[in-house]
Amino acid sequence: MAHGLSESLRAAFQGRVIEDRDALAPHLTDYRKRWTGRAIALVQPERTEDVAALVRWCGEHGVSLFPQGGNTGLVGGSVPDGSGRSIILSLARMNAIVDVDPYNNTLTAQGGAVLASVQEAAARAGRLFPLSLGAEGSCTLAGNLSTNAGGIQVLRYGNARDLCLGLEVVLPDGQIWNGLRGLRKDNTGYDLKQLFIGAEGTLGIITAATVKLFPRPAAQMTAFAAVPDAHSAVKLLALAQSTLSASLTAFELISGPAVELVLHHMAGARSPVENRAPYYVLLESSDAENEAHATARFEALMGAAFEDGIVTDAAIASSLAQSAAFWKIRHHLPEAQTADGENVKHDISLPISRIGEFIDAAGAAVQRVLPGARIFVFGHVGDGNLHYNVSAPAGSDAEAYRAMRASEKTISQAIYDVVAGMNGSISAEHGVGQLRVGTVAGYKQPVEMAMMASIKQLFDPKGIFNPGRVVARE
Ligand SMILES: Cc1cc2nc3c(=O)[nH]c(=O)nc-3n(C[C@H](O)[C@H](O)[C@H](O)COP(=O)(O)OP(=O)(O)OC[C@H]3O[C@@H](n4cnc5c(N)ncnc54)[C@H](O)[C@@H]3O)c2cc1C
């Protein structure tokens with residue numbers, strides 16, 4: 001950065017300015033290593049007022065601001081563009097747990113707080129913060145809210161949007177909005193916080209949030225069940241919901257090939273069930289009473305499922321360690337896929353009732369575009385959310401992987417057309433970012449895109465915040 005600009009930036013706010021190339025490098029490339037941008041600096045303000053001062057500085061100097069949390073996002077939303085006239089904003093120094101109120105069942109934290117530290121603070125107060133996902137050791141509360149993160153317990157507690165009661169936000173003109181209210185009811189006009197949740201940093205910088213807490217469960221049960229097909233998984237979900245009602249906290253579908261991939265790539269991994277199956281379900285219940293009650297209800301569910309033929313084999317975890325081993329298979333899927341080679345990822349949402357039908361139709365559509373393609377399906381099926389990843393045929397060489405990458409758009413379009421035909425969404429929880437900014441307009445109504453563009457223009461007329469993400473540049 002030019003000396004004068006650097007001096008002026010450093011004088012504008014209190015906090016760190018990092019310009020060193022080596023220190024900047026990990027912040028320029030996204031988690032999937034698909035996008036690398038350029039930035040004149042990474043800045044770490046100390047306080048909300050410093051974020052506001054920095055934002056004003058960016059407006060005055062025509063510099064774009066790319067907010068970055070843990071940089072675990074999967075759609076390239078958290079890394080700068082290639083303009084070289086950008087700053088990465090990190091809230092690493094604004095990561096305090098500000099307040100835990102066990103009677104109001106709320107927690108207030110600064111935006112840079114790592115999700116695991118929010119969960120731990122809630123646990124210390126005897127409460128549960130239920131947002132939970134594979135990246136929880138490094139993703140941040142602001143990143144979670146900006147992406148409206150989902151994770152494994154949406155079925156019971158909702159996604160980040162449902163868990164948020166209040167926000168503090170710095171607007172693109174440098175104003176600070178303190179909306180940190182811990183209220184369950186507040187009908188005083190538009191619910192403004194909802195505009196910033198899921199906006200992927202395009203409308204405001206989330207500097208703090210007040211979130212909901214819940215009682216901790218008295219007992220948890222985890223099972224790994226083999227099912228004959230995806231249709232049976234949906235039937236098992238309905239049965240589990242009627243048997244366990246609100247105690248059902250997680251319901252994950254994993255296809256047979258996806259489990260095989262983990263068993264192949266994860267050291268020491270063992271299949272929880274004896275016989276291989278086309279699909280597996282990882283389900284968890286969280287009981288408010290006690291272990292005996294939890295066990296009785298869970299065993300009743302599994303017994304009924306066997307009787308109906310929708311489960312062919314199952315293992316119920318008898319210890320926390322065994323439950324963790326089941327979950328490790330689920331959480332290791334992204335790494336196993338990386339070890340296996342490139343794949344074309346999709347994060348789609350469907351009416352739950354159509355999941356089996358979708359898997360059949362999308363499988364056929366993919367084979368037409370890429371014969372022999374390997375398909376790895378897993379996801380939060382209790383929320384109608386599937387991660388539907390396509391890989392080159394087994395034994396493919398580098399040339400075949402290049403060909404797959406070259407036909408990525410055609411593969412995705414084949415899948416998205418099936419999704420659209422079933423009234424689904426092409427992004428369930430990962431967001432739009434850079435990955436889908438060119439695609440999303442094809443699957444939303446023009447009036448929706450026009451409203452989104454108007455909102456962006458209203459909040460950020462200079463296009464300072466995360467330009468070219470979510471809403472395409474003019
Ligand atoms: C192994 C793994 C598992 C995952 N599992 C899930 C899952 O189950 N469910 C799920 O939903 N996601 C999942 N993700 C995706 C990712 O973890 C989430 O999107 C997470 O919420 C991102 O948080 P982050 O702090 O890393 O944000 P980043 O990746 O740094 O940023 C994400 C977006 O938020 C914006 N942003 C960051 N901070 C701010 C701020 N202070 N103000 C405004 N905007 C901001 C960024 O500009 C960017 O657009 C997973 C990722 C990995 C690597």
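If you look the protein chain up in an unreviewed UniProt entry, it shows as D-2-hydroxyglutarate dehydrogenase from plant metagenome. The Cofactor (unreviewed entry) comment attached to the protein chain in UniProt states, word for word, "FAD". Looking at the protein chain in UniProt, the text filed under Sequence similarities (unreviewed entry) is "Belongs to the FAD-binding oxidoreductase/transferase type 4 family."

Let us now look at the overall build of the protein chain. Secondary structure summary: the protein chain contains 17 helices and 19 strands in total. Taking 2.2 N^0.38 as the reference for a compact globule, 474 residues should give roughly 23 Å; the C-alpha atoms of the protein chain span a radius of gyration of 23 Å, in line with that estimate. Overall, the C-alpha framework of the protein chain stretches about 70 × 60 × 45 Å when taken along its three principal axes. Scored against the burial criterion, the 474 residues of the protein chain give a buried share of 54%. Of the accessible surface of the protein chain, which amounts to about 20,300 Å², a share of 51% is contributed by carbon and sulfur atoms. Averaging the positions of the 40 positive and the 47 negative side-chain charges in the protein chain gives two centres separated by 4 Å.

In terms of domains, the protein chain is made up of domain 1 (3-90), domain 2 (97-215), domain 3 (219-334) and domain 4 (341-421). In this structure, domain 1 and domain 4 have C-alpha centres spaced 34 Å apart.

An order of 1-2-4-3 is seen for the four strands of this open sheet, with the pairing classed as mixed. On the outer flanks of this sheet lie strand 1 (15-18) and strand 3 (64-68), each paired with one strand and no other. Shown here is a sheet whose adjacent strand axes are inclined to one another by a mean of 25 degrees, direction ignored. Judged from the five bridges that link them, strand 3 and strand 4 (residues 86-90) form a sheet pairing that is parallel. If you follow Leu65 over to strand 4, its bridge partner there is Ile87. Strands in contact with helix 2 (residues 21-28) are strand 1, strand 2 (41-45), strand 3 and strand 4; relative to strand 2, the strand with the most contacts, it is inclined by about 85 degrees.

A few words now on the nonpolar core. Grouped together as the largest cluster of nonpolar side chains are 54 residues, with contacts concentrated most on Leu283, Phe358, Ile359, Leu386, Tyr388 and Val390. Inspection of this core shows a minimum of three residues originating in each of domain 3 (219-334) and domain 4 (341-421). In this view, Tyr388 contacts Val344, Lys345, His346, Phe358, Ile359, Ala362, Gly363, Val366, Ile375, Phe376, Val377 and Ile415; residues no more than four positions away in its chain are not counted. Counting residues in hydrophobic clusters, the runner-up holds 33 residues, among them Ala122, Leu133, Ile197 and Val211.

What follows concerns the pattern of salt bridges. Applying the stated rule across the entire model yields 16 salt bridges. Between Lys193 and Asp191 there is a salt bridge, with the nearest N and O atoms lying 2.9 Å from each other. Owing to a relative accessible area of 41%, Asp191 belongs among the partly exposed residues under this scheme. The network of salt bridges with common partners includes Arg34, Glu342, Arg405 and Glu408.

Moving on, we come to the site of the ligand. In the neighbourhood of the ligand, 34 residues make up the surrounding shell, with Pro67, Gly69, Thr72, Gly73 and Thr140 lying closest. One of the backbone nitrogen or oxygen atoms of Pro67 is found 2.6 Å away from an oxygen atom of the ligand. Backbone polar atom of Glu200 to an oxygen atom of the ligand: 3.1 Å apart, as the coordinates give it. Starting from 970 Å² of accessible surface for the ligand in isolation, the protein chains cover 94%. Elements with a minimum of two residues in the shell around the ligand: strand 3, helix 5 (141-146) and strand 10 (205-212). Top contributing element to the shell around the ligand by residue count: helix 5, with four residues. Per-class residue counts for the shell around the ligand are 11 nonpolar, 21 polar and two charged. Looking at the shell around the ligand, you find at least three residues from each of domain 1 (3-90) and domain 2 (97-215).

Rules of the game
- Residues numbered from 1 in each chain as written.
- Predicted model: local features only at pLDDT ≥ 70, side-chain atom pairs only at ≥ 80, totals over all residues.
- Heavy atoms only, no water.
- UniProt positions renumbered as here; feature names shortened; annotations may be inferred.
- Helix = DSSP H or I, 4+ residues; strand = E, 2+ residues; numbered from the N terminus.
- Rg over C-alpha atoms; globule rule 2.2 N^0.38 Å.
- Buried < 20%, exposed > 50% of the residue type's maximum accessible area, 1.4 Å probe, protein only.
- Areas by Shrake-Rupley, 256 points an atom, 1.4 Å probe, with all protein chains shown as cover.
- Lys, Arg positive; Asp, Glu negative; His and termini not counted.
- Charge placed at Lys NZ, Arg CZ, Asp CG, Glu CD.
- Domains from an automatic or database assignment.
- Pairing = 2+ DSSP bridges.
- Axes fitted to C-alpha atoms, helices over the stretch in contact; angles between N-to-C directions.
- Contact = heavy atoms within 4.5 Å.
- Core = buried A, V, L, I, M, F, W, Y, C linked by side-chain atoms within 4.5 Å.
- Salt bridge = Lys/Arg side-chain N within 4 Å of Asp/Glu carboxyl O.
- Near = heavy atom within 4 Å.
- Polar contact = N/O pair within 3.5 Å; in protein donor to acceptor, adjacent residues only side chain to side chain.
- Nonpolar A, V, L, I, M, F, W, Y, C, P; charged D, E, K, R; others polar.

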